[in-house]
Amino acid sequence: MVIKAIKYPDREASSRYIVISALLKTFVLYFADCRNNDVGKHIPVCFAGKLDYNVDRARKTISVNVSDFLQDQDYYVRLCHKWFTCEDVGSFALIKGKESLKSTSLQYSQLLPCLCIEGWSAIPDARRTQLCPFKNDTKALWDSIVYNPATQTLAWEPACPVHVTVNLCRLTKSNDQCVDLQNSSTTAPEKQVKYSRVDTHPRLCMKFTTKQGSWVRCPFAHGNFPAWKMRIAAGAEQTQVSFMSQTKAQFSVLVCNKAQLSSCDSVGIRHSVSAGDSHPTSVNISGEICGSQVCIQGWRTDVDYSVPLQICDIQCTLSSQSQEDDENAVRIMLLTAIILILVTMMALLGHKILTVFHRKKHEGRSPAQIIRQR
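Residues numbered from 1 in each chain as written. Predicted model: local features only at pLDDT ≥ 70, side-chain atom pairs only at ≥ 80, totals over all residues. Heavy atoms only, no water.

The name recorded for the protein in an unreviewed UniProt entry is Interleukin-17 receptor C/E N-terminal domain-containing protein, from Mauremys mutica.

Written as structure tokens, this is what we have:
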């Protein structure tokens, strides 16, 4: 289909032509969608161009080469984040149609799955083409975690639309598993995730789960925020549990039986204690606490999300073991002393017997006989 200009004798006819031309253009763009070869090759707005790219990750640049667009016509290229529309991210370039080099370089800040390259000819209503090659680069999505110390709020906002399940979790000692905290799961395709009154413990982390896998980020792991510690000292009749915190905080502690990695069944009374200003505060738990499945669990109670710490595999009564070792040592020393006394007595008795025997053997002999015998 070829559209030719027609000259009309009056202004009214000219206006009708403009309206008809606009309607025809609309029909071509929105109904034919420039996919009809016979139509597209005669309509300038249908020349969207072809984009090729190369990424320099060290310099954070994307080199874009453009082909198959209108000759001697300027061409725009930009980077954008694709949500419902492609939102401009500031990197923009104009390729001059008269220049022989049809390429440009665009700067990016992060390789995100929604980062796209968009290009179009510099004419009104030009068709645009998009290339979104970084759909699998999701790593940078999970780094935008922000903590507000004033409100104790931990927040994450997706830089791209993504279907993800977010959890707070407790990083285990072996660092190979992060156990979900109760009532912390939320699904966030395109909105901010926020947790209020969060404990800033280094083992409190955020877990992101998609169809491609799971990622864990621990915003307090580098020691830039106040943290707390729990220690125990086991005795024969009671166990002392000590808390040390850089800021004022409330804690609870109890004895429990380890059921599985994420749970511990309480077997005693829950004790409460306050700590702060880096001075240790202790609470005593009566009774002997030991065994491979017995744990002491402590956590903060003045926040909504806290990491429960567990100290398990407690050695049985260290003091009684020391006392038993001392008693064994005394027994060994007494036994050794008795053996030495017996050996000494036997030696003295043997010496006495030999002396008597030797004396009787020489009785009745003259001195001269004794000398000759020698």
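Continuing now.
Student: Before we move on, can you summarise the overall build of the protein with the specific residues and values?
Tutor: Within the protein, the secondary structure is distributed over four helices and 23 strands. For the protein, buried positions account for 34% of its 374 residues. Look at the contacts in the protein between residues 6 or more apart in sequence, and 60% of them connect residues 24 or more apart. Total accessible area on the protein is roughly 23900 Å²; 53% of this is exposed by carbon and sulfur atoms. (Helix = DSSP H or I, 4+ residues; strand = E, 2+ residues; numbered from the N terminus. Buried < 20%, exposed > 50% of the residue type's maximum accessible area, 1.4 Å probe, protein only. Contact = heavy atoms within 4.5 Å. Areas by Shrake-Rupley, 256 points an atom, 1.4 Å probe, with all protein chains shown as cover.)

Student: Which residues make up the state of the cysteines, and what values do they have?
Tutor: All told, the structure shown has seven disulfides when counted by the stated rule. Put simply, Cys205 and Cys218 are joined by a disulfide, and their sulfur atoms are 2.0 Å apart. Sign of the S-S torsion, about 95° for the bond between Cys205 and Cys218, identifies this disulfide as right-handed. Of this pair, Cys205 sits in strand S14 (residues 204–210) while Cys218 sits in the loop between strand S15 (213–217) and strand S16 (228–234), placing them 13 residues apart in sequence. According to the relative accessible area criterion, Cys205 is buried, its value standing at 0%. Shown here is the disulfide that connects Cys295 with Cys312, its sulfur atoms set 1.9 Å apart. On the sign convention where negative means left-handed, the S-S torsion of about 105° between Cys295 and Cys312 marks this disulfide as right-handed. With Cys295 in strand S22 (residues 291–300) and Cys312 in strand S23 (residues 309–314), this residue pair connects regions lying 17 residues apart in the sequence. Of the residues examined, Cys312 reaches a relative accessible area of 22% and is grouped as partly exposed. (Disulfide = S-S within 2.5 Å.)

Student: With reference to specific residues and values, describe the UniProt feature "transmembrane region" (unreviewed entry) in the protein.
Tutor: Those residues carrying the UniProt feature "transmembrane region" (unreviewed entry) are residues 329–350 in this numbering. Across residues 329–350, helical content stands at 100% and strand content at 0%; the span's end C-alpha atoms are separated by 31 Å. (UniProt positions renumbered as here; feature names shortened; annotations may be inferred.)

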